[in-house]
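# Coordinate analysis (summary)
Each chain, letter by letter, is given below.
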Amino acid sequence: MADPAPAPAAPAIRVDGVSKRYGRTLALDNVSFDVGEREMFALLGPNGAGKTTLLHILCSILRPDSGVALIGGVDVAKHPLAARQLLGIVFQEPSLDDRLTVKENLDLHGLVFGVPRRLRRQRIGEMLALVELADWADKPVRSLSSGMKRRLEIARALIHDSRILLLDEPTVGLDAQTRERIWSHVRQLRAERDITVLVTTHYIEEVEHCDRVCIIDGGKVLALDTPEALKQAHGQTLLRLSPASAADGEAIARRFADRLTGTPGTELTLVSDDALVAAVLAEFGTRIKTLSIEVPSLETVFLSLTGHELRNRAADPREQTRAFGRRGGEHTR
Amino acid sequence: MTRAAMRDVLSFVAVVALLVAVSVLPPDTSLSEVEKSASLKACVPPVYPPLVTGDAALPGLDIELLGAVAQRLGLALVVNENPAIGRDFNPRNWRLSRGQCHVIAGGVVDSVQTRSFLDVSPPYAETGWAVVSPAPIADLAGKTVGVLTLVSGLDRIGLASVLRARGAVARVVPTPDMLAAGIADGTFAAGVTEAMLARKLADEHGWTVAWAPDLAHYRLVFGLWKGDVTLKHAIARAFAGLSADGTLAAILDRYGGVPVAPR
Amino acid sequence: MNGAGARQRRSALMVQLGGLYGLWLREVKRAFRDRGQLIGGVSRPILWVLILGIGLNPYFRGEVYGAATFVVPFTYLQFIFPAVIALNIMFTSVQSAVSVIWDREFGFLREVLVSPLSRTTVLLGKVLGGTTVAVLHGCLVLILARFADVPLTLPDVLKAVGLMALLAFALTSLGVVIANRIRSFEGFGIFSNAVILPLYFTSSSIFPLDPALTRAQTRIVYPEWLVTLVEYNPLTYAVDALRGTLIDYYQFAPWMGIAVMAGAAVVLFGIALYDFHRT
């Protein structure tokens, strides 16, 4: 079975009308988007939004109920083996083999993906240098920290020279410094290699430097655009001020009643734009103690689109079993 | 080989070494018991030529062999004669017990029946059923045949069915003398008994001897109690030494024993 | 630096074989580094052959020539020796199957399932790896052969290793079949205690059915239900085949062991394959 040749200038990833139902829950509802070559694309949404389901469909673990998913022009459902060859995937939970060393894990990946021996050795050396794990080549993976394991997994995903990298919540459970390091590695990878990256995450601050962001909630695509465009379209500038006196506060509140938002108290919050800032300063400039301007952020974009914050959830049974296994379970690993 | 692989191999080798060390532990106390008393006790029939003759000058194949083995092990040989062995076919009636002897000799063959009760030493001679007659007999049909079954472990049932199939009439006799007498005076056209005894009779009276047809050969061994593994290994080593320096062959030769055919 | 051309030159079969080798190697390496399993693989034969064998030997030897409770042409230690091999194989095969549960939910199996390897290759790699490790553990028991007074010749050993491999393959496949259906580790522990151990002990592994006596007499010595259990247990024939090869004592027809194990291996692997392709 020869690899079907992709069409010229085809998008790296194309999702077209994909739906997936679990029992009575509709996990994905007619989701469509394209990811271009060399793009850094983010799927933003809370837990349970359908991000992981979509990712599993893209890497051919699940089949969509309807719609089609194309990786490099190859239909994932029809030619899963060929599609997988083009993908590098980093799952949310680490899927490294704890008992093998760093190099053995990479070697195994190479064997499994059919990379010939000399090429394998070469690439392992390169990737270890790239993610700064060369010193740990012969150490068992068990002895690595979570951040290092994540870096190793990203390196592993590229051993077979994949062109499309799928990262499922890559920085969950890591501290801020490690998160930043991971992202800097990803940026470096993009600079040095010809890869497309699709990231799913629920950390809003991390998607600021992506090329495009797709906001997804409840299985539906709510918005898809560059971060700036989204902020402009849906973002709100907020003006937070504390008045010099209560009387001044009431005066401001009466004057800009239509712009008032949030709960009234010592601080007033006004939905604002540049014109309003100038107006407030001009009319009440001397009667304001402090004033701060919140520029549109994706937080507010999300809020305005979905009407709520990113949800939190209790540990599900899988996480409980994982914790059980972590504690030593019964012949777990 | 990477360091990790080296560690793997080493841990496996360590495990194997541990098991090898365990495997050389003595599983029982039989050899140490024997060495403590500095003597090897053997139960034998009083007379069963050529294995046990009762003659001091030429004591018998088994006695000489036992002596050689005991000497190799640095032990004295103590021979317990048990008259029941010569008289009765069923070993249970010999009432041999572990207290009386460590080794049973004088006609023990390596067969499934023997191994059901005893363990065995390495074999030293071959035997089986043999037909002894004044002149070679081509056909046993209609002939009266004397049968002497003293060595337990040979297949009596097999012998009976072969004789019946060939149309011979079998008469059981209790002692070698009666068998010889029967052949000499013509009551029996031939006698069937264990091969070494048959050869002895044939040599004495100038008769011919041949292997009985259609029946398996057995190997002569010493009987050892089951579970006396250390003693068995020591005796096996002694046997190996005796065959290596030709002592075994010499003893066999003296008594006309047939060496074990290679399997 | 484009490897795509090189990849295409490698045929699809070579890719599958390379992946099979990688998965097999992973299983073997993991087993070498699992100290608990190595210790178990050593302690089991030591405890059974060394302690149990020596301890019970006097009760099964004859004290008077011609009088024995059971007329069997071997010692008790020789009798249980092949069964201890089967025990080691059984434990090891089942343990390697347990890792399927972990691998599937959180670990390595997910990474393999999104690789170009077919499901068949993945399963075969797992089962062959488990078989190799189980056979190695079985061979550990062979080291104690001199202690148990079981004489080993090269043809015997080769034949025994072949039987071990067949048994290990069947048991590992069985383990994978069960692991695919059990979602948690506790379930597997239940299975292990409620099924595996009873299966082992009713396989005529530690007591012979004594066909030296007639069949009628056998059923008088042991209750009928026990004899029936033993005869219907497929493991009985596997242990019997091993025993026949090593100490030359068959309780059932020699070909039955091979037939039962081969049949079980094929059927169980088929079921495991079907399950794998379905997920």
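In short, a report on the structure. The structure displayed is predicted, hence computed values, not measured ones.

Along the backbone of chain B there are ten helices and ten strands. If you line up chain B on its principal axes, its C-alpha atoms span 85 × 40 × 35 Å. A buried classification covers 51% of the 263 residues belonging to chain B. Restricting to contacts in chain B with at least 6 residues of sequence separation, those with at least 24 account for 82%. Across chain B, the mean location of the 23 positive side-chain charges is 7 Å away from that of the 23 negative side-chain charges.

Residues and elements named next belong to chain A. One non-glycine residue, Ser60, adopts positive backbone phi at about 65 degrees. For Ser60, a relative accessible area of 13% corresponds to the buried category. Despite not being glycine, Asp161 shows a phi value in the positive range, around 55 degrees. Tracing the sequence through the fold places Asp161 in the loop between α5 (146-157) and β7 (164-168). Judged by its relative accessible area of 8%, Asp161 falls in the buried class.

For the rest of this paragraph, the subject is the state of the cysteines. Under the defined criterion, the tally for this structure stands at one disulfide over all chains. A sulfur-sulfur distance of 2.3 Å marks the disulfide that ties B:Cys43 to B:Cys101. Between B:Cys43 and B:Cys101 the disulfide shows an S-S torsion of about -100 degrees. By sign, it is left-handed. In this pair, B:Cys43 is assigned in strand β1 (residues 39-44) and B:Cys101 in the loop between α4 (83-87) and β3 (103-109), connecting sequence segments 58 residues apart. Taken individually, B:Cys43 and B:Cys101 each receive the classification buried, so the pair is uniform in this respect. No disulfide involves A:Cys210; its sulfur sits 12 Å from the nearest other cysteine sulfur, which is in A:Cys214. Residue class for A:Cys210 comes out buried when judged on its relative accessible area of 6%. By relative accessible area, which is 0% here, A:Cys214 ends up buried.

A separate point is the pattern of salt bridges. It is possible for side chains of opposite charge to pair when their charged atoms get near one another. In the structure shown here, the tally under the stated rule is 34 salt bridges over all chains. Of the charged contacts in the structure, one is a salt bridge between A:Arg99 and C:Asp34, with a shortest N-O distance of 3.6 Å. Residue A:Arg99 is found in the loop between β6 (87-90) and α3 (102-112), and its partner C:Asp34 is found in the loop between α2 (12-33) and α3 (35-60); the two belong to separate chains. Note on A:Arg99: relative accessible area 14%, which makes it buried. Where A:Asp161 meets A:Arg163, a salt bridge forms, and the shortest distance between an N and an O atom there is 2.9 Å.

The next subject is helix α1 (residues 3-23) of chain B. Each turn of an α-helix holds 3.6 residues, which means side chains three or four residues apart point in the same direction. Residue and element names in this part refer to chain B. Relative to the 30 Å expected for 21 residues at 1.5 Å per residue, α1 spans 30 Å between its end C-alpha atoms, a close match to the ideal helical length. Among all positions in α1, only Ala4, Ala5, Asp8, Phe12, Val15, Leu19, Val22 and Ser23 are buried. Down the axis of α1, the smallest arc covering the buried residues is 120 degrees, so these residues share one side. Of the exposed residues in α1, those oriented more than 90 degrees away from the buried face are Arg3 and Leu10.

All names here are of chain A. An order of β6-β7-β8-β3-β9-β10 is seen for the six strands of this open sheet, with the pairing classed as mixed. Two strands in the sheet have a free side with no partner beyond their single neighbour: β6 and β10 (220-225). Mean inter-strand twist for the sheet, computed between neighbouring axes without regard to direction, equals 15 degrees. Its contacts with the sheet place helix α7 (residues 227-234) against β9 (212-217) and β10, and it is angled at close to 110 degrees to β10. Docked against the sheet, helix α10 (residues 298-306) engages β9 and β10, running at close to 40 degrees with respect to β9.

Right, let's talk about the sheet that holds strand β1 (residues 13-22) of chain A for a bit. Residue and element names in this part refer to chain A. Taken in spatial order, the four strands of this open sheet run β2-β1-β4-β5, and their pairing is antiparallel. In the strand order of this sheet, the two ends are held by β2 (25-35) and β5 (74-75), each with one partner. When strand β4 (residues 66-71) meets β5, the two strands line up antiparallel, connected through two bridges. Among the inter-strand pairings, Ile71 is bridged to a residue of β5, identified as Val74. Its contacts with the sheet place helix α1 (residues 51-58) against β1, β2 and β4, and it is angled at close to 120 degrees to β1.

Residue and element names in this part refer to chain A. Where α5 meets helix α6 (residues 176-192), the axes come as close as 10 Å, and the angle between the chain directions of the two elements is 15 degrees. Regarding the angle of α5 to α6, the classification is roughly parallel. Considering how the two elements wind past one another, α5 and α6 form a crossing that is right-handed. Listed contacts from α6 to Gly147, Arg150, Arg151 and Ile154 of α5 are Thr178, Arg181, Ile182, His185, Val186 and Leu189. Residue composition of the contact of α5 with α6, by class: four nonpolar, three polar and three charged.

Residues and elements named next belong to chain A. Across five bridges, β9 lies against β10 in antiparallel orientation. Paired with Cys214 across the strands is Leu224, a residue of β10. Between β9 and β10, which pair antiparallel and follow one another directly, the connecting turn spans two residues, one of which, Gly218, has a positive phi of 60 degrees.

Counting residues in hydrophobic clusters, the biggest one holds 86 residues, and the most contacted among them are C:Phe81, C:Ile85, C:Phe188 and C:Leu246. Of all the elements, helix α4 (residues 76-106) of chain C adds the most residues to this core, at 17 residues. In this structure, C:Leu246 is in contact with C:Phe81, C:Pro82, C:Ile85, C:Leu142, C:Val150, C:Pro151, C:Leu152 and C:Ala160, ignoring residues within four places of it in sequence. Core analysis: the next-biggest nonpolar cluster, separate from the first, contains 66 residues, B:Val34, B:Ala125, B:Leu220 and B:Phe222 among them.

Our next topic: the side chain of B:Ser111. Note that B:Ser111 resides in the loop between β3 and α5 (112-115). A polar contact of 3.0 Å, which involves the side chain of B:Ser111, links it to the side chain of B:Thr114.

The subject of this paragraph is the side chain of A:Asp248. Residues and elements named next belong to chain A. Summarising the element assignment, Asp248 is placed in helix α8 (residues 246-255). At 2.8 Å, the side chain of Asp248 forms a polar contact with the side chain of Ser245. A distance of 2.6 Å separates the side chain of Asp248 from the side chain of Arg287, its partner in a polar contact. Setting aside its immediate chain neighbours within four residues, Asp248 contacts Pro243 and Arg287.

The next point concerns a nonpolar patch on the surface. Residue and element names in this part refer to chain A. A cluster of nonpolar residues, Leu281, Leu291, Ile293 and Val295, forms a patch on the protein surface that exposes about 350 Å² of accessible area. Within the fold, Leu281 resides in helix α9 (residues 274-284). In this structure Leu281 comes out as partly exposed when scored by relative accessible area, which is 45%.

About the criteria used
- Residues numbered from 1 in each chain as written.
- Chains lettered and ligands numbered in written order.
- Predicted model: local features only at pLDDT ≥ 70, side-chain atom pairs only at ≥ 80, totals over all residues.
- Heavy atoms only, no water.
- Helix = DSSP H or I, 4+ residues; strand = E, 2+ residues; numbered from the N terminus.
- Buried < 20%, exposed > 50% of the residue type's maximum accessible area, 1.4 Å probe, protein only.
- Contact = heavy atoms within 4.5 Å.
- Lys, Arg positive; Asp, Glu negative; His and termini not counted.
- Charge placed at Lys NZ, Arg CZ, Asp CG, Glu CD.
- Disulfide = S-S within 2.5 Å.
- Salt bridge = Lys/Arg side-chain N within 4 Å of Asp/Glu carboxyl O.
- Expected span 1.5 Å × (residues − 1).
- Arc of directions from axis to C-beta.
- Pairing = 2+ DSSP bridges.
- Axes fitted to C-alpha atoms, helices over the stretch in contact; angles between N-to-C directions.
- Parallel < 35°, antiparallel > 145°, perpendicular 65-115°, else oblique.
- Left-handed = near helix turned anticlockwise from the far one by under 90°.
- Nonpolar A, V, L, I, M, F, W, Y, C, P; charged D, E, K, R; others polar.
- Core = buried A, V, L, I, M, F, W, Y, C linked by side-chain atoms within 4.5 Å.
- Polar contact = N/O pair within 3.5 Å; in protein donor to acceptor, adjacent residues only side chain to side chain.
- Patch = residues over 30% accessible without salt bridge, like charges linked within 9 Å, V, L, I, M, F, W, Y side chains within 5 Å.
- Areas by Shrake-Rupley, 256 points an atom, 1.4 Å probe, with all protein chains shown as cover.

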